[in-house]
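Notes for the structure review
Take a look at the letters that make up each chain.
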Amino acid sequence: MTPSVRGLMLGALGVLIFSLTMPVTKIALSGDLMSAWFVWAGRAVLAAFAGLAYLLLTKRKPPPHAAWWPLLGTAAGVVFGWPLLNTLALQWVSSSHSAVINGILPLATAVIGASLNRERLPAAFWVCAAVGTCLVCGYAWVHASGALHTPDALLLLGVLLGGLGYACGAIATKYISGPEVISWALLIGLPVTLPYMLYVSPVSLAAVPLTGWLAFVYLGLMSQWIGFFFWYRGLLMGGIAKVSQVQLLQLFLTLGFSALLLGEAIEPMMLFVAVATVALIIVGRRAKGGR
């Protein structure tokens, strides 16, 4: 098996792990026994302690000075921004609806990454990004009967912060490995997430069903930590341009898992927007130079 093929397989495994995040979050929130704030902070704390154990067991040195600013951006995006805002929004919207809004995350990542790297993007890419953003915003507007509800605003803001986190994480991998990037980002956030988790913890932990705790553990260990191991390793082995194409499957996988695990109906408009968004991302990436 060539490194390129292994990279694609590892990247696909990372995408598979991430695609379960939204439906599993809905499961963790079911019954209102764990608040959205606790689910967000708790998953970050669980992942942070796993990351600390990894760094200590592998005897990793602290990151170089140049890696700290992208690590701060990574923490802002993938520890605080995207997970928190999406968890809050999922109190009111379906997992499949959230997946469609997040369909433009790859475009946001590309735009923010290009801005941070001072990279000039062709006009065709900007057209695709603008049309994709308008398409998703239009879907949210129609779905909300001609208004922009708070959950959709949270999801769209989460897309921007998620793009920042992914782009900064990619920059940080120039200095340290992918597992180190996510582990250090989680540790940066720990002084905030740990005390807040304790503050908003459920009154009765025993009242939370086993399915809720299994979902919580999945979010902490898989979505917030291990998924990045496979994703970053796949990008390194198979090449960013090629392996990142696998991310296009995430939207459809999340829709499928939402239907399978939660029984959510996939509306025709939802599927149309998903297909159109992915098509625009493909065209935009080809214009940008990716293959």
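Here the structure is a predicted model, which is why all the values come from computation and not from measurement. Position labels on residues start from 1 in each chain and follow its written sequence. With the structure being a predicted model, the display of local features is reserved for residues of pLDDT at least 70 and the display and counting of side-chain atom pairs for 80 or more, all residues being used for whole-chain, interface and lining totals. Each side-chain value is worked out from all heavy atoms of the structure, with water and hydrogens disregarded.

Our focus in this paragraph is the overall build of the protein. In terms of helices and strands, the protein carries 13 helices and zero strands. Where helices and strands are cited, they refer to DSSP runs of H or I of at least four residues and of E of at least two residues respectively, numbered from the N terminus. Along the protein, helices and strands appear, N-terminal first, in the series α-α-α-α-α-α-α-α-α-α-α-α-α. What you see for the protein is a C-alpha radius of gyration of 18 Å, in line with the 19 Å of a compact globule of 291 residues. A principal-axis box enclosing the C-alpha atoms of the protein has dimensions of 55 × 50 × 35 Å. Type-normalised accessible area, obtained with a 1.4 Å probe on protein chains alone, sets the label of each residue: buried when under 20%, exposed when over 50%, and partly exposed for intermediate values. When the 291 residues of the protein are sorted by exposure, 54% land in the buried category. Any two residues whose heavy atoms approach within 4.5 Å at even a single point are treated as in contact. Taking all contacts inside the protein whose residues are at least 6 apart in sequence as the whole, residues at least 24 apart take part in 88%. We get accessible surface area from the Shrake-Rupley algorithm with a probe of 1.4 Å; when it comes to residues, only the shown protein chains can shield them. Of the roughly 13,000 Å² that the protein leaves accessible, carbon and sulfur atoms contribute 72%. Positive: Lys, Arg. Negative: Asp, Glu. His and the chain ends are not part of the count. Every charge is mapped onto a representative atom, which is NZ of Lys, CZ of Arg, CG of Asp or CD of Glu. With 15 positive and 6 negative side-chain charges, the protein shows a spacing of 20 Å between the two charge centroids. Throughout, the radius of gyration refers to the C-alpha atoms, and the reference size of a globule is 2.2 Å times the residue count to the power 0.38.

To continue, consider the side chain of Asn102. Residue position: Asn102 is located in the loop between α5 (95-101) and α6 (105-116). Here a polar contact is taken to be a pair of N or O atoms separated by no more than 3.5 Å, where protein atoms must pair a possible hydrogen donor with a possible acceptor and residues adjacent in sequence count only if both atoms sit in side chains. Among the polar contacts made by the side chain of Asn102, one reaches the side chain of Asn86 at a distance of 2.9 Å. Setting aside chain neighbours within four positions, we find Asn102 in contact with Met22, Trp82, Asn86, Leu155 and Val159.

Attention now goes to the environment of Met270. Relative to the helices and strands, Met270 resides in helix α13 (residues 268-288). What makes Met270 buried here is its relative accessible area of 1%. In sequence terms Met270 and Met197 are 73 residues apart; their C-alpha atoms lie 34 Å from each other. In this structure, Met270 is in contact with Ser96, His97, Val100, Tyr139 and Leu255, ignoring residues within four places of it in sequence.

Our focus in this paragraph is a nonpolar patch on the surface. Residues enter patches when their relative accessible area tops 30% and they take part in no salt bridge; the joining distance is 9 Å for like charges and 5 Å for the nonpolar side chains Val, Leu, Ile, Met, Phe, Trp and Tyr. The term salt bridge refers to a pairing of a side-chain nitrogen on Lys or Arg with a carboxyl oxygen on Asp or Glu at a separation within 4 Å. A cluster of nonpolar side chains, contributed by Leu13, Leu16, Leu249 and Leu253, occupies part of the molecular surface with about 300 Å² of accessible area. By the element assignment, Leu249 lies in the loop between α11 (240-243) and α12 (250-262).

Confidence per residue, as judged by the predictor, is encoded in pLDDT with a range of 0 to 100. For the protein, the average pLDDT comes to 89, and 95% of its residues sit at 70 or higher. Taking the mean pLDDT of every element in the protein, the minimum, 64, falls on α11 and the maximum, 97, on helix α3 (residues 36-57).

The subject of this paragraph is the packing of α3 against helix α10 (residues 210-238). At their nearest, the axes of α3 and α10 sit 9 Å apart, and the two run at 50° to each other. With respect to α10, the element α3 is oriented oblique. In the crossing of α3 with α10, the sense of the turn from one axis to the other is right-handed. Taken together, the residues of α10 that come into contact with α3 (itself represented by Phe38, Val39, Gly42, Arg43, Ala44, Leu46, Ala47, Ala50, Gly51 and Tyr54) are Trp213, Phe216, Val217, Leu219, Gly220, Leu221, Ser223, Gln224, Trp225 and Phe229. Put simply, Ala, Val, Leu, Ile, Met, Phe, Trp, Tyr, Cys and Pro go in the nonpolar bin, Asp, Glu, Lys and Arg in the charged bin, and everything else, Gly too, in the polar bin. A per-class count over the contact of α3 with α10 returns 14 nonpolar, five polar and one charged. Helix axes use the C-alpha atoms of the stretch in contact, all axes being lines fitted to C-alpha atoms, and the angles between their N-to-C directions lie in the range 0 to 180 degrees. Note on angle classes: values under 35 degrees are labelled roughly parallel, values over 145 roughly antiparallel, values of 65 to 115 roughly perpendicular, and the remainder oblique. Handedness of each helix crossing follows the sense of rotation of the near helix against the far helix: counterclockwise by less than a right angle gives left-handed, clockwise gives right-handed.

All right, on to the environment of Leu29 then. Position of Leu29 among the secondary structure elements: in helix α2 (residues 21-29). Note on Leu29: relative accessible area 9%, which makes it buried. Remark: the alpha-carbon pair of Leu29 and Val39, spanning ten residues in sequence, is separated by 7.6 Å. Each residue touching Leu29, except ones within four places of it in the same chain, is listed here: Met34, Ser35, Ala36, Val39, Thr87, Leu90 and Gln91.

Attention shifts here to the state of the cysteines. In a disulfide, the sulfur atoms of two cysteines are covalently bonded to one another. Pairs of cysteine sulfur atoms within 2.5 Å are identified as disulfides in what follows. Under the counting rule described, the total for this entry stands at zero disulfides. The thiol sulfur of Cys128 is not disulfide-bonded, and the nearest other cysteine sulfur, from Cys134, lies at 12 Å. The exposure class assigned to Cys128 is buried, which follows from its relative accessible area of 6%. Of the cysteine sulfurs around Cys137, a residue in no disulfide, the closest is that of Cys134, at 6.7 Å.

In this section: the packing of helix α1 (residues 3-19) against α12. A pair of packed helices is captured by two measures, namely the crossing angle of their axes and the spacing between those axes. Packing of α1 against α12 brings their axes to within 9 Å, and their N-to-C directions diverge by 40°. Taken together, the axes of α1 and α12 lie oblique to each other. Here α1 runs over α12; the crossing is right-handed. Judged by residue contacts, Val15, Leu16, Phe18 and Ser19 of α1 engage Gln250, Leu253, Thr254 and Phe257 from α12.

Each aromatic ring pair is specified by the distance between its two centres and by the angle formed by the two planes. The pairing test for Phe, Tyr and Trp rings, Trp by its six-membered ring, is centres within 6.5 Å, and the orientation test on the planes gives stacked under 30 degrees, edge-to-face over 60, and tilted for anything in between. Evaluated as defined, the whole model comprises 15 aromatic pairs. Consider the rings of Phe38 and Phe216, whose centres lie 5.5 Å apart with planes at 10°: the pair is stacked. A residue pair is termed long-range when its members are at least 10 positions apart, and Phe38 in helix α3 and Phe216 in helix α10 qualify at 178 residues. The buried category is assigned to Phe38, whose relative accessible area is 4%. With relative accessibility at 8%, the residue Phe216 sits in the buried group. Summarising the aromatic geometry, the rings of Tyr54 and Trp225 are spaced 6.5 Å apart at their centres and angled 75° between planes, so their arrangement reads as edge-to-face. Here Tyr54 is found in helix α3, whereas its partner Trp225 is found in helix α10, with 171 residues between them in sequence.

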